[in-house]
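Structural overview for review
Take a look at the letters that make up each chain.
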Amino acid sequence: VIYGTFIKCCGRLDLPGGRSEAAAASAFADCCDAGLVTDFVLTQLRYVLSPQRYLRALADSGYRDVNRRGKSLSRDGKRLRRIRLDELPAGWRRNAERSVRDR
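Attention here is on the structure that accompanies the text.

The rules we used
- Residues numbered from 1 in each chain as written.
- Predicted model: local features only at pLDDT ≥ 70, side-chain atom pairs only at ≥ 80, totals over all residues.
- Heavy atoms only, no water.
- Helix = DSSP H or I, 4+ residues; strand = E, 2+ residues; numbered from the N terminus.
- Buried < 20%, exposed > 50% of the residue type's maximum accessible area, 1.4 Å probe, protein only.
- Contact = heavy atoms within 4.5 Å.
- Areas by Shrake-Rupley, 256 points an atom, 1.4 Å probe, with all protein chains shown as cover.
- Core = buried A, V, L, I, M, F, W, Y, C linked by side-chain atoms within 4.5 Å.
- Phe/Tyr/Trp six-rings, centres within 6.5 Å; stacked < 30°, edge-to-face > 60°.
- Axes fitted to C-alpha atoms, helices over the stretch in contact; angles between N-to-C directions.
- Parallel < 35°, antiparallel > 145°, perpendicular 65-115°, else oblique.

The next point concerns the overall build of the protein. A tally of helices and strands in the protein yields five helices and zero strands. Helices and strands in the protein line up, N terminus first, as α-α-α-α-α. Looking at the protein residue by residue over its 103 residues, the buried ones come to 34%. For the protein, the share of sequence-separated contacts (at least 6 apart) that also reach a separation of at least 24 residues comes to 63%. On the protein, roughly 6,500 Å² of surface is accessible, and the fraction owed to carbon and sulfur atoms is 50%.

Ranked by size, the top nonpolar core spans 22 residues in total, and within it Phe-28 and Leu-58 carry the most contacts. Looking at this core, the elements that each hand over two or more residues are helix H1 (2-12), helix H2 (19-34), helix H3 (39-48) and helix H4 (51-60). Per-element tally for this core: the top contributor is H2, with five residues.

With that settled, consider the packing of aromatic side chains. One pass over the structure, following the stated rule, counts two aromatic pairs. Ring centres of Phe-28 and Trp-92 lie 5.6 Å apart, and the angle between their planes is 90°; this geometry places the pair in the edge-to-face category. Of this pair, Phe-28 sits in helix H2 while Trp-92 sits in the loop between H4 and helix H5 (94-101), and the two are 64 residues apart along the sequence. Look at Phe-28 and you get buried, because its relative accessible area is 0%. Taking relative accessible area as the criterion, Trp-92 reaches 6% and is therefore assigned buried.

Running from N to C, H1 and H2 point in directions that differ by 170°, and their axes come no closer than 9 Å. Taken together, the axis directions place H1 and H2 in an arrangement best described as roughly antiparallel. In this structure, H1 contributes Tyr-3, Phe-6, Ile-7 and Cys-10 to the contact, and H2 contributes Ser-20, Ala-23, Ala-24, Ala-27, Phe-28, Asp-30, Cys-31 and Ala-34.

Okay, structure coming up:
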């Protein structure tokens, strides 16, 4: 929840020079490393980043199916098919699943 909330806050801030997007992308990379990616994190990241930057953040963190059919950008660069949590590397969500079970 913390990563998703932080990414959401980044989207609400109007910082100059793309700082909000950079902070959100950095938080996402940390979230992937920690294994705490959830649907909430993905939704907030997609809200904050442009489609191109969203795909780049996924690829930079190790997602390899960015260009697979149905996941690339539309011709106008504004639309992207929703990427489901179960399509992402298991390591990105390894601790998120555990934290939900522990509740």
